[in-house]
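# Structural characterization, general
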Amino acid sequence: MIVVLLALAGVPAAMAQTDAGAHDVPGSWVGIGMGAGRFALSCGGCVDQSWRGFAGSATIGWSLKSRIQLSVRVTGLFGGTEPSTSRVASVDGTVSLYPLRRSNILLFAGAGYGRLRVARSGAAPDTVTASGLEWRIGAGYDVPLGNGFSVVPAVEYARIAARPATINGAPSNLSVTGETARVSVAVDWHWAPIQWLPGRAR
């Protein structure tokens, strides 16, 4: 998927050159994203499991000069079906970079707080909850729509190192690691003028 995003990011050589870069104008923005993801749980002394489900996110950010963005993002992944379900949520700070001056390729990395919950119903119900440090990396492509809006397809990987876990409401010494992979599309709205590409200022 990242290869596809990189392939789409080329700007034709014949495009007129300007002094301004693709994202050199500062401004604030908000975004809402939806997509699909996979969550994998591993821990010492238990059987590794994985779930697929719906992913969502909400972001508020600030665009800086030199094609750098800072943002705070809340994400969630809701996977599985009865009798086995999973819930993963995180809040993190993210730094995003447009590495090519005249392309809308977007690379990002962030870290923050993550929490996971895995539940199994039935004759012998179990619930495992844990929280800890979360970090993530990803790549996307920023597609401007005009009037301050843009669409950003992206792929990302995140990891939560959570310890100790709580099992059925009781503390334990169990160390839990959660990993998520997501494919999503976000709609961002910038409320300050942004110059996206040469000749396409808005």
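Residues numbered from 1 in each chain as written. Predicted model: local features only at pLDDT ≥ 70, side-chain atom pairs only at ≥ 80, totals over all residues. Heavy atoms only, no water.

With that out of the way, let us pick up the overall build of the chain. The number of helices and strands found in the chain is 1 helix and 11 strands. Tracing the chain from N to C terminus, the helices and strands come up as α-β-β-β-β-β-β-β-β-β-β-β. The buried share among the 202 residues of the chain stands at 43%. Counted over contacts in the chain with a minimum sequence separation of 6, partners at least 24 positions apart contribute 62%. (Helix = DSSP H or I, 4+ residues; strand = E, 2+ residues; numbered from the N terminus. Buried < 20%, exposed > 50% of the residue type's maximum accessible area, 1.4 Å probe, protein only. Contact = heavy atoms within 4.5 Å.)

Okay, the nonpolar core next. The nonpolar side chains of soluble globular proteins are, as a tendency, buried together. One finds F39, L41, V88, L116, A130, A165 and V176 to be the most contacted residues of the largest nonpolar core, which totals 16 residues. For this core, the secondary-structure elements that each account for two or more residues are β1 (27-43), β2 (49-63), β5 (105-120), β6 (126-141) and β8 (149-162). Take this core: its biggest share by element is 3 residues, from β1. If we ignore the near neighbours within four places in the chain, the residues touching A130 are G114, R115, L116, A162, P164, A165 and V176. Within the second largest apolar cluster, 5 residues are counted, among which are Y98, L106, V152 and A154. (Core = buried A, V, L, I, M, F, W, Y, C linked by side-chain atoms within 4.5 Å.)

Let us look at the packing of aromatic side chains. Scanning the entire structure with this criterion turns up 3 aromatic pairs. Between F39 and W51 the ring centres are 5.7 Å apart and the planes differ by 20 degrees, which places this aromatic pair in the stacked class. Placement of the pair is F39 in strand β1 and W51 in strand β2, with a sequence separation of 12 residues. In terms of burial, F39 and W51 fall into one category: buried. (Phe/Tyr/Trp six-rings, centres within 6.5 Å; stacked < 30°, edge-to-face > 60°.)

To continue, consider the pairing of β1. Here β1 pairs with β2 via 15 bridges, running antiparallel. Within β2, the residue paired with S28 across the bridge is W62. Of the strand pairs in this sheet, β1 and strand β11 (residues 176-190) are connected by 15 bridges, and their pairing is antiparallel. Looking at β11, one finds that G37 is bridged to R182. (Pairing = 2+ DSSP bridges.)

Averaged over all residues, the pLDDT of the chain equals 78, while 77% of them reach at least 70. Note that pLDDT drops below 50 for residues 1-22; the model gives that stretch 36 contacts with residues more than four away or on any other chain. Confidence drops under pLDDT 50 across residues 194-202; counting only partners more than four residues distant or on other chains, this segment forms 32 contacts. (pLDDT = per-residue confidence, 0-100.)

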